[in-house]
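Below, each chain spelled out in residue letters.
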Amino acid sequence: MNNSVQPDKPVIVSCKECLKQIPHSEAKMEEAGDYVLYFCGLDCYKIWRERCDREGKQGSS
Ligand SMILES: [Zn+2]
């Protein structure tokens, strides 16, 4: 067997919007208070962001 040193296992995170599993290095990160959300791409980020904005506006007007 080849006993070469293996790189660190890639960290996998789940997209907050579509729940797809993506490598941490490719995820888009959004800090939300004291935790971090991950997205597989800008599309999911926008969907989440727009819904978040809508929900945030409810009750304030
Ligand atoms: Zn996604």
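**With respect to the nonpolar core**
Stage number 1. Core analysis: the largest hydrophobic core is formed by six residues, namely Cys-15, Leu-37, Phe-39, Cys-44, Tyr-45 and Trp-48.
Stage number 2. Secondary structure elements with two or more residues in this core: strand 4 (35–39) and helix 1 (42–57).
Stage number 3. Residue contributions to this core peak at three residues, all from helix 1.
Stage number 4. The residues touching Tyr-45, leaving out its near neighbours within four places in the chain, are Lys-28, Glu-30 and Phe-39.

**Overview of the coordination of the zinc ion**
Stage number 1. Coordination of the zinc ion by the protein comes from Cys-15 (SG), Cys-18 (SG), Cys-40 (SG) and Cys-44 (SG), over a distance range of 2.3 Å.
Stage number 2. Around the zinc ion sit four donor atoms, and with donor-metal-donor angles ranging over 102 to 115 degrees the site reads as tetrahedral.
Stage number 3. Taking the relative accessible area as the measure of exposure, Cys-40 reaches 27% and is therefore partly exposed.

**Quick word on the side chain of Glu-30**
Stage number 1. Tracing the backbone shows Glu-30 in strand 3 (residues 28–32).
Stage number 2. By relative accessible area, Glu-30 is classed as buried at 16%.
Stage number 3. Among the polar contacts made by the side chain of Glu-30, one reaches the side chain of Tyr-45 at a distance of 3.3 Å.
Stage number 4. Side-chain polar atoms of Glu-30 contact the side chain of Arg-49, separated by 3.3 Å.

**Quick word on the packing of aromatic side chains**
Stage number 1. Throughout the structure, instances matching the rule amount to three aromatic pairs.
Stage number 2. Residues Phe-39 and Trp-48 carry aromatic rings whose centres are separated by 5.2 Å and whose planes lie at 50 degrees to one another, so their mutual orientation is tilted. Each member of the pair Phe-39 and Trp-48 is classed as buried.
Stage number 3. An angle of 35 degrees between the planes, with centres 6.3 Å apart, marks the rings of Tyr-45 and Trp-48 as tilted. Of this pair, Tyr-45 and Trp-48 are both found in helix 1, three residues apart, which corresponds to roughly one turn of the helix. Grouping residues by exposure puts Tyr-45 and Trp-48 together as buried.

**Observations regarding the pairing of strand 3**
Stage number 1. In this structure, strand 3 lies alongside strand 4, joined through five bridges in antiparallel fashion. Residue pairing in the sheet places Met-29 in a bridge with Tyr-38 of strand 4.
Stage number 2. Connecting strand 3 to the antiparallel partner strand 4 that follows it, the hairpin turn spans two residues, and Gly-33 within it adopts a positive phi of roughly 70 degrees.

What counts, and where the lines are drawn
- Residues numbered from 1 in each chain as written.
- Predicted model: local features only at pLDDT ≥ 70, side-chain atom pairs only at ≥ 80, totals over all residues.
- Heavy atoms only, no water.
- Core = buried A, V, L, I, M, F, W, Y, C linked by side-chain atoms within 4.5 Å.
- Buried < 20%, exposed > 50% of the residue type's maximum accessible area, 1.4 Å probe, protein only.
- Helix = DSSP H or I, 4+ residues; strand = E, 2+ residues; numbered from the N terminus.
- Contact = heavy atoms within 4.5 Å.
- Donors = N, O, S within 2.8 Å, 3.2 Å for Na, K, Ca; no water.
- Tetrahedral: all angles 85-135°; square planar, octahedral: opposite > 155°, others 65-115°.
- Polar contact = N/O pair within 3.5 Å; in protein donor to acceptor, adjacent residues only side chain to side chain.
- Phe/Tyr/Trp six-rings, centres within 6.5 Å; stacked < 30°, edge-to-face > 60°.
- Pairing = 2+ DSSP bridges.

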